[in-house]
Structures are given as C-alpha cells and as structure tokens.
Amino acid sequence: AIGLGWRYKKGGKLPIDEWELRKDEARRPNELLLPKHVRERMLKDLGYTQQDIASAVRVILKAKNKRKQTVQNLGAESMEEAVESATRRVKGILSMGMKNGLVKA
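Numbers given to residues run from 1 along each chain, matching the order in which its sequence is written. Whole-chain, interface and lining totals are the exception, using all residues; otherwise, since this is a predicted model, local features are given only for residues with pLDDT of at least 70 and side-chain atom pairs are given and counted only at 80 or more. Neither water nor hydrogens contribute to the side-chain values; these are computed over all heavy atoms in the structure.

(A) Representation of the confidence of the model for the protein. As a per-residue measure, pLDDT reflects the predictor's confidence and takes values from 0 up to 100. The predicted model of the protein averages 85 in pLDDT, with 90% of residues at 70 or higher. Mean pLDDT across the secondary structure elements of the protein bottoms out at helix H3 (residues 50-99), with 87, and peaks at helix H2 (residues 36-45), with 94. Only runs of H or I of at least four residues qualify as helices and only runs of E of at least two qualify as strands under DSSP, and these elements are numbered from the N terminus.

(B) Seen up close, a nonpolar patch on the surface. Excluding any residue in a salt bridge, patches collect residues exceeding 30% relative accessible area, merging like charges within 9 Å and nonpolar Val, Leu, Ile, Met, Phe, Trp and Tyr side chains within 5 Å. Computed by Shrake-Rupley with a 1.4 Å probe, the accessible areas treat only the displayed protein chains as cover when residues are assessed. Every case where a carboxyl oxygen of Asp or Glu lies within 4 Å of a side-chain nitrogen of Lys or Arg is listed as a salt bridge. On the surface, a nonpolar cluster with roughly 290 Å² of combined accessible area is contributed by Leu 14, Ile 16 and Trp 19. Along the polypeptide, Ile 16 turns up in helix H1 (residues 16-22).

(C) Inspection of the pattern of salt bridges at higher detail. Taken as a whole and assessed by the stated rule, the structure comprises four salt bridges. Note that Asp 45 and Arg 41 form a salt bridge whose closest N and O atoms lie 3.3 Å from each other. On the criterion of helical spacing, the pair formed by Asp 45 and Arg 41 is a turn pair, its members being four residues apart in helix H2. Relative accessible area decides the class of each residue, using a 1.4 Å probe on protein chains only: under 20% of the type maximum gives buried, over 50% gives exposed, and in between gives partly exposed. Accessibility expressed as a relative area gives 56% for Asp 45, which makes it exposed.

Below, the structure is given as structure tokens:
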C-alpha cells in the first residue's frame, strides 16, 4: 500500500498571505488517487514483488472488512446493552427475593 508518512522536505518560509495567493486550487478527490498500475509500478521499482503486493492487499481488505463489521454492529450495541441491563435487574430482583425468603432456589 502507498500512504502518507512523516518524512518531508523542508522548504523556505513564506508568509501565510503570500502562500494563499500562490497556492493552487484545492484538488478534487479523484485527482488525489493514483491508478492501480502506477501504484504497482512504484512498488515494483522499490523492489516489492507481486506476491508482496497481493499479501498487503489481503491485509488491507481484512482490516477494511473488520471496520465495516464494526460499523454494522454499532446499531445492535444499544440492544445488547438493554438486554444486559434487563438481565442484571432480573438477577438483582431474584437475589433480593431469595434473601427475603420470597423465592425458593
């Protein structure tokens, strides 16, 4: 995978107003994407094999699917909490009844 890192090239200082005048317009999201063949060529030029690339893609897809599953489970979270809360209340009521002799074990 190709991503952004912390390494950078230090440039000269420029007042913010001047930078605002010089900067290009913001790029559209599709302009920020590198085509697959370009990414793969860059990686192969750095010495990665097709197997390395395929392995990294599998790891990325697995993480992506886990994130998707987490998002899908968020809706069920409130229901799970309600069931757990009700279970605790019922257990509390039953244990109070057992202490007071109202419920037989």
